[in-house]
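Observations on the three-dimensional arrangement
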Amino acid sequence: MDEWLVESLKKRDIEQVVMLGAGHDSRVLRFSECFEGVKVFELDHPATQKRKKELLISNFKKIPENVNYVSIDLSYQKPLDELVKAGFDSNKKNIFILEGLIYYLPEEEVRKIFEFVKQNSCVDSEIIFDYFSKDLVDGTGDINGSFAIRSSVEKSGEPFLFGIEESKLECFIESFNMTLSKRSDHQVLKNKYFQDRKSKVFSFAEICLAKCK
Ligand SMILES: C[S@@+](CC[C@H](N)C(=O)[O-])C[C@H]1O[C@@H](n2cnc3c(N)ncnc32)[C@H](O)[C@@H]1O
């Protein structure tokens, strides 16, 4: 995801980056040069953002100036209302990042987010996201490690709710008038980044980049 984001930002025509469920995402700090001149909107739950700001102050003494922190509960608030209040312009070329988010939301909420991205971004805007396969989420697939992780998130009170069937990924993306531009499954990620490391790549992780038509 980092590589895709940096590659796009280096073209210097992206005007806004929106991170939904940004959590403690540190990309604005890690790739600060690439973000020069780009308006950033980080959307998250108020409690998460409060803690993030405290951590930024205690570790870096300041909060990045080009980031607009938009407090929102996506389950009942509309992103557009809150984003516009924070200065978001619906006619610009954007990148939306949804990392570690969509599998925790009901399908209806996920569809609303993709629809929102399409409706409020100009051509060639991008959405970068990770997702899990449907059979992992509903428990019908026998994927290595999936039982343990599913029961652990259920116990924590944040069960997986949304997955996409592998064979229907393109169809899902096309239904929002977007094109699937890049995708990397766990095998690609493992071969590229984890050859010499002990870290485990879940055998159901997949990341994608789709572009608005
Ligand atoms: C697993 S974390 C991922 C954080 C970050 N994107 C990352 O990859 O490290 C999920 C994030 O989504 C946020 N989130 C989950 N449900 C949300 C909701 N209904 N409204 C707003 N934020 C939500 C959480 O507060 C959390 O920061």
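Below: a short report on this structure. Residue numbers here run from 1 along each chain, matching the order of that chain's written sequence. pLDDT decides what is reported in this predicted model: residues at 70 or higher carry local features, side-chain atom pairs at 80 or more are listed and counted, and totals for whole chains, interfaces and linings draw on all residues regardless.

1. Looking at the overall build of the protein chain
By the criteria applied, helices consist of DSSP H or I runs no shorter than four residues and strands consist of E runs no shorter than two, each listed in order from the N terminus. Scanning the protein chain from terminus to terminus reveals nine helices and seven strands. As defined in this context, the radius of gyration uses C-alpha atoms, and a globule is described by 2.2 Å times the residue total to the power 0.38. The C-alpha atoms of the protein chain give a radius of gyration of 17 Å, which matches the 17 Å a tight globule of 213 residues would have. Dimensions along the principal axes, computed over C-alpha positions, put the protein chain at roughly 45 × 40 × 40 Å. With 213 residues in all, the protein chain has 29% of them scored as buried. Taking the contacts inside the protein chain whose residues are at least 6 apart along the sequence as the reference set, 74% of them involve residues at least 24 apart. The burial criterion counts other C-beta atoms lying within 10 Å of a residue's C-beta, which is placed from the backbone; the residue is buried at 20 or more, exposed at 12 or fewer, and partly exposed between these limits. Throughout, a residue-residue contact means that the two C-beta atoms, derived from backbone geometry, are no farther apart than 7 Å.

2. So, the sheet that holds strand 1 (residues 16-20)
Strand pairing follows a simple DSSP-based rule, namely that at least 2 bridges must link the two strands. Taking strand neighbours across the sheet as the criterion, the seven strands line up as 3-2-1-4-5-7-6 in an open arrangement whose pairing is mixed. Looking at strand neighbours, the two that pair on one side only are strand 3 (67-71) and strand 6 (178-185), the edges of this open sheet. Going from strand to strand, the sheet's axes swing by 15° on average, the running direction of each strand aside. Here strand 5 (residues 126-131) pairs with strand 7 (residues 206-212) via six bridges, running antiparallel. Along strand 7, the bridge assignment pairs Asp130 with Ile207. As a rule, the C-alpha atoms of each element are fitted with a line to give its axis, helices using only the stretch in contact, and angles between N-to-C directions run from 0 to 180 degrees. Each of strand 2 (39-44) and strand 3 touches helix 3 (residues 46-60); the most contacted strand, strand 3, lies at about 145° to it. Those strands touched by helix 9 (residues 186-193) are strand 6 and strand 7, and its axis lies near 55° from that of strand 6.

3. A word on the nonpolar core
Core analysis: the biggest nonpolar cluster contains 44 residues, and Val18, Leu20, Leu43, Phe96, Ile97, Leu98 and Ile102 have the highest contact counts within it. Sorting the residues of this core by element identifies helix 1 (2-9), strand 1, strand 2, strand 4 (94-98), helix 5 (107-119), strand 5, helix 6 (134-138) and strand 7 as the ones contributing at least two each. Not counting residues within four places of it along the chain, the set of residues in contact with Leu43 comprises Val18, Met19, Leu20, Gly21, Ala22, Val70, Ile72 and Pro79. To form a nonpolar core, buried Ala, Val, Leu, Ile, Met, Phe, Trp, Tyr and Cys residues must be joined through C-beta atoms within 7 Å.

4. Looking at helix 1
Within helix 1 the residues assigned to the buried category are Leu5, Ser8 and Leu9. One side of helix 1 carries all its buried residues, which in axial view fall inside an arc of 95°. Facing away from the buried side of helix 1, by more than 90 degrees, are the exposed residues Glu3 and Glu7. If you follow the buried residues of helix 1, they end up packed against helix 2 (27-30), strand 4 and strand 5. This arc is built from the directions going out from the helix axis to the C-beta atoms.

5. A look at the environment of Asn144
In this structure, Asn144 sits in the loop between helix 6 and helix 7 (146-155). For the pair Asn144 and Phe204, spaced 60 residues apart in sequence, the C-alpha separation works out to 8.2 Å.

6. With respect to the pairing of strand 4
The buried count for strand 4 comes to five of five residues, which makes it a mostly enclosed element. With burial as the criterion, each face of strand 4 is covered, one bearing Asn94, Phe96 and Leu98 and the other bearing Ile95 and Ile97. Here strand 1 runs beside strand 4; their pairing, made up of four bridges, is parallel. Counted as the bridge partner of Val18 is Phe96 from strand 4. Alignment of strand 4 against strand 5, held across four bridges, turns out to be parallel. For Ile97, the partnering residue across the bridge sits in strand 5 and is Ile128. Call a crossover right-handed when, viewed with both strands pointing away from you, the route from the first strand across the helix to the second goes clockwise. Following the backbone out of strand 4, through helix 5 and into the adjacent parallel strand 5, one traces a crossover that is right-handed.

7. Side note on unusual backbone geometry
In this structure, Arg12 is a non-glycine residue whose phi angle is positive, near 65°. Relative to the helices and strands, Arg12 is located in the loop between helix 1 and strand 1. The phi dihedral of Asp124 falls on the positive side, at around 75°, and the residue is not glycine. Of note, Asp124 is situated in the loop between helix 5 and strand 5. You can call Asp124 partly exposed: it has 16 C-beta atoms within 10 Å.

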